[in-house]
Amino acid sequence: MRQAEGLPRGARRLPVLVAALAVSWALPLLLHTLGLDLVLIPVLVLTTASLIRVGGGLLDRLVVAAFLLCGAVMAFGLLFSVWPWGLAPVPGTGLLLSVLSVSGWLACRRPRIPLRLRGSDALVLGTAAVAWRYFHHPLAGKSTADRLAYFATSEDRLGHFSYFDGIHHVGGYAFLHQEAAKAYMMTPAEAVYPQGSHFLLAWTDVLVKSSTDGGSGLDMTHRYLLYVLAAYALFCGALVWAARWIGGPRLRGWRTAAVCATVAAVMMSGSMAQLVEWGFDSEIFGLLFLAVALALLVRPAMGRAEFVLVGVAALVSVTFVYNLYGVLVGITLAAVLVVHRRRFAPHRLVVGALAGGALIAGLPSVLSVLTKLDVAKTSNLAGPMVIPDRPVFIGCGLLALVAASLPVNRRTGTGQMVLALVLGATAVIGVFGAWQKHTIGQYSYYFEKLAAAGLVIALVSLGLVGLMLQPAARTTGSPLRRRAGLLLHSGVATAAALALFGNVQWGVPSGWGHPSAWYDSPMIKWARGESENDIGPAAKTLARRDLNGVDSPVIALYGNDTYLNLRSTFLAQILTHRAGTMVGLYDVFHVKIGGPAAVDEKDYQASLDRLKGAIASCPEPPTVLVGDRKAADRLKQELAGAGSAATVVYAPLK
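A brief structural summary. (Residues numbered from 1 in each chain as written. Predicted model: local features only at pLDDT ≥ 70, side-chain atom pairs only at ≥ 80, totals over all residues. Heavy atoms only, no water.)

### Re helix H22 (residues 445-460)
Here H22 is 16 residues long and its end C-alpha atoms lie 24 Å apart, about the 22 Å a rise of 1.5 Å per residue gives. Burial analysis of H22 places 16 of its 16 residues in the buried class, the great majority of the element. (Helix = DSSP H or I, 4+ residues; strand = E, 2+ residues; numbered from the N terminus. Expected span 1.5 Å × (residues − 1). Buried < 20%, exposed > 50% of the residue type's maximum accessible area, 1.4 Å probe, protein only.)

### Here's the deal with the nonpolar core
In this structure, Phe151, Tyr232, Trp241, Leu287, Leu459, Leu571 and Leu635 are the most contacted members of the largest nonpolar core, which totals 195 residues. For this core, the leading source of residues is helix H11 (residues 217-247), giving 19 residues. Core analysis: the next-biggest nonpolar cluster, separate from the first, contains seven residues, Tyr163, Tyr184, Met185 and Ala189 among them. (Core = buried A, V, L, I, M, F, W, Y, C linked by side-chain atoms within 4.5 Å.)

### Comments concerning the side chain of His168
Within the secondary structure, His168 sits in helix H7 (residues 155-170). When its relative accessible area of 5% is taken as the criterion, His168 is described as buried. Excluding anything up to four places from it in sequence, His168 contacts Ala202, Asp205, Val206, Thr212, Asp213, Gly214 and Met220. (Contact = heavy atoms within 4.5 Å.)

### Let's talk about the packing of aromatic side chains
On inspection of all chains with the given rule, the structure shows 27 aromatic pairs. Plain terms: the ring middles of Phe151 and Tyr224 are 6.3 Å apart, the flat faces sit at 80° to each other, and that makes the pair edge-to-face. On the criterion of sequence distance, the pair formed by Phe151 in helix H6 (residues 144-151) and Tyr224 in helix H11 is long-range, its members being 73 residues apart. Accessibility expressed as a relative area gives 1% for Phe151, which makes it buried. Considering the side-chain rings of Trp241 and Trp245, the 5.4 Å spacing of their centres and the 25° angle between planes classify their relative orientation as stacked. With a gap of four residues between them, Trp241 and Trp245 both fall in helix H11, about one helical turn apart. For Trp241, a relative accessible area of 1% gives the class buried. You can call Trp245 buried: its relative accessible area is 3%. Connected via pairs of aromatic rings, a cluster forms that spans Phe135, Tyr150, Tyr232, Phe235 and Trp526. Sitting over the ring of Phe280, Lys449 keeps its end group 3.4 Å from the ring centre. (Phe/Tyr/Trp six-rings, centres within 6.5 Å; stacked < 30°, edge-to-face > 60°. Lys NZ or Arg CZ within 6 Å of the ring centre and 35° of its normal.)

### Observations concerning the side chain of Asp281
Checked against the element boundaries, Asp281 lands in helix H14 (residues 281-298). Engagement of the side chain of Asp281 in a polar contact is seen with the side chain of Tyr224, the distance being 2.8 Å. Not counting residues within four places of it along the chain, the set of residues in contact with Asp281 comprises Arg157, His160, Tyr224 and Val228. (Polar contact = N/O pair within 3.5 Å; in protein donor to acceptor, adjacent residues only side chain to side chain.)

### Points about the pattern of salt bridges
Where charged atoms of side chains with opposite charge meet at close range, the side chains can pair. Scanning all chains against the criterion turns up 19 salt bridges. With a shortest N-O distance of 2.7 Å, Arg223 and Asp205 are connected by a salt bridge. One end of the pair, Arg223, is in helix H11; the other, Asp205, is in helix H10 (residues 196-209), and 18 residues separate them in sequence. Where Glu638 meets Arg634, a salt bridge forms, and the shortest distance between an N and an O atom there is 3.4 Å. Of the two residues, Glu638 and Arg634 both sit in helix H30 (residues 629-641), four residues apart, roughly one turn of that helix. Connected through salt bridges with shared partners, the residues Asp60, Asp121 and Arg244 form a single ionic network. (Salt bridge = Lys/Arg side-chain N within 4 Å of Asp/Glu carboxyl O.)

### Quick notes on the environment of Gly441
Here Gly441 is to be found in the loop between helix H21 (413-440) and H22. Measuring from C-alpha to C-alpha, the distance between Gly441 and Val228 comes to 34 Å, with 213 residues separating the pair along the chain.

### Focus on a nonpolar patch on the surface
Residues Leu79, Val82, Leu176, Leu363 and Leu367 make up a contiguous nonpolar surface patch of about 380 Å² in total accessible area. One can find Val82 in the loop between helix H3 (58-80) and helix H4 (89-106). (Patch = residues over 30% accessible without salt bridge, like charges linked within 9 Å, V, L, I, M, F, W, Y side chains within 5 Å. Areas by Shrake-Rupley, 256 points an atom, 1.4 Å probe, with all protein chains shown as cover.)

### With respect to the packing of H3 against H11
The interhelical angle for the contact between H3 and H11, taken along N-to-C directions, is 115°, at an axis separation of 12 Å. With respect to the hand of their crossing, H3 and H11 are arranged in left-handed fashion. For the pair H3 and H11, the contacting residues are Leu59, Asp60 and Val63 in the first and Trp241, Arg244 and Trp245 in the second. (Axes fitted to C-alpha atoms, helices over the stretch in contact; angles between N-to-C directions. Left-handed = near helix turned anticlockwise from the far one by under 90°.)

### Section: the pairing of strand S3 (residues 647-650)
Across a regular strand the side chains alternate sides, sitting on one face of the sheet and then on the other. Relative to S3, strand S2 (residues 623-626) runs parallel, the two being bridged by four bridges. Across the sheet, Thr623 pairs through a bridge with Thr647, a residue of S3. Note that the unit made of S2, H30 and S3 has a crossover that is right-handed. (Pairing = 2+ DSSP bridges. Right-handed = clockwise from strand over helix to strand, strands pointing away.)

### Here we look at unusual backbone geometry
A cis geometry characterises the amide bond from Thr187 onward to Pro188, with omega recorded as 10°. Structurally, the position occupied by Pro188 is in the loop between helix H8 (178-181) and helix H9 (189-192). In this structure, Cys108 is a non-glycine residue whose phi angle is positive, near 55°. Assignment of secondary structure puts Cys108 in the loop between H4 and helix H5 (121-136). We classify Cys108 as buried; its relative accessible area is 2%.

### Let's talk about the sheet that holds S2
If you walk across this open sheet you meet the three strands as S1-S2-S3, and the pairing is parallel. One side of each edge strand has no neighbouring strand; the edge strands of this open sheet are strand S1 (554-557) and S3. With direction set aside, neighbouring strand axes in the sheet form an average angle of 20°. The strands touched by H30 within the sheet are S1, S2 and S3, with S3 carrying the most contacts at an inclination of about 170°.

### Considering the environment of Arg118
Note on placement: Arg118 falls in the loop between H4 and H5. Through-space distance from the C-alpha of Arg118 to that of Thr47 is 22 Å; in sequence the pair is 71 residues apart. Setting aside chain neighbours within four positions, we find Arg118 in contact with Arg244, Leu251, Arg252 and Thr256. Within the local environment of Arg118, its side chain forms a polar contact with the backbone oxygen of Leu251, the two atoms lying 3.2 Å apart.

### Things to note about helix H27 (residues 562-575)
Over its 14 residues, H27 extends 20 Å from the first C-alpha to the last, a length consistent with the 20 Å expected when each residue adds 1.5 Å. Counting buried residues in H27 gives 13 out of 14 residues, a clear majority hidden from the surface.

And the structure:
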């Protein structure tokens, strides 16, 4: 590689390495002193981008660099979790910059970043910007307490935040600090749940705060929600980029616009936007990394060194974040070594490095299986489901099969890879679905998670489908006229894709006298504030009044709605960094006490027994918040008579 750049391999100079290592530590120290550790993230991305040789455009290079950085942070997180400095910003970033410095010196590479931009970059970045705009809109101008209503839209997000909170406090992966982590998350999550995204967010949050102290639970929930919204926006943009990457340099002009706008329209108007409302935060990150990983592996337009880095980063990032999707990365990597065997497979170092990456990637999953994870039982869990748009999923997948099977593409590596990926993913999803049908008689929670990965594969494969469209003929005339024609055709193609796949009517009145389906999509509903749900008043009351000065577990019984009581209680624990107590407090789901409505005496006594069980599970006497005065007075007498040390407080909702 050095010779290709016109410099002899023996030209390494030790003073250059010493200077680079000095800067690698001096810069983090300086920025930490100034409270600007966040600047280290773009520094790391740009440094990585300057040393790799993937992609001829600026955006391509930055996407690959950011992907490699995320994989590196998660992998080095194993070291960060056991060394004495934990997630402290200076040691971690200093080590990462040092690794980059040594790697660049050994490879004899001078920093170099392509500055070329493509017109379709606007579609990639625009998709992410539009998604962010809509999802952030209902939060704009609201206080941190008011934003809690959008944070606490589901139990799943409360759980995910507790993993993030736990990693923040223990200074590393929870599965490497299981006893300490139990205080912050419900056991056995500290041992069995994939923690890659939570670790990555905790590491990022330390740089944002310039401190390992995350601050109050309320402030942490605010930042965490912003990270999740940004992740979904990046996911949408990454899918558009991935489809364009697979299309390669032959995908140009209006065809690029058609492909990119189609992917953007599906993501912004389809059911996948519900991932945010339902709190499927790990799935969002898992699909984000899966999209980038599959794109880079399907069209591995890079040298062997970069291929190894991308392959290892794909295994680590996807499997650490959502191990269910690691199977798809494994299938794709195997296909690459077959399809591109002349480039990669004969080299033992390539295969050995990928095998080592697979061992690192599988470490957390193996540990969870060997300790507390029941794979068969977990695979059949029930729960709320975000169901990918079946017509889009099936239709785009079939189009990808048609495009990949055409003679003109069967002879190309990208065509063979798309064919292998679509058929392999179909087999995995089909076998898993058949197994669920055989064992529980229906498709359940994790089948739809796999189906979401199938939708990602179908959408990114549109890059190959786009090549089947008729390219625009070269036109004569001035450069300005040619550019104007290109912009016109690309704009019309974009508008057509948004109309066909996003239900955008562009101001044309509806024949049924009501707004188009675009306005009924999950993302638009979120933007209108329709996802706040009934947790809003309880969340605000907890944050503004009822948790002030409380230093004990909290049971929130604001009414007779058992599910509201459960979510309010869960929210109270994470705001006070006590989510580990929720294992026993889940009995609150059966407590119908707290509201003014009359409750049958039999139900009251059953609820009281459940409440006593929840109180007994607490490591110390809890504070019980009751929304109705009469209910609070009676409950105080009942618990005192039973010898309970719990403190009952009348706390009406406001």
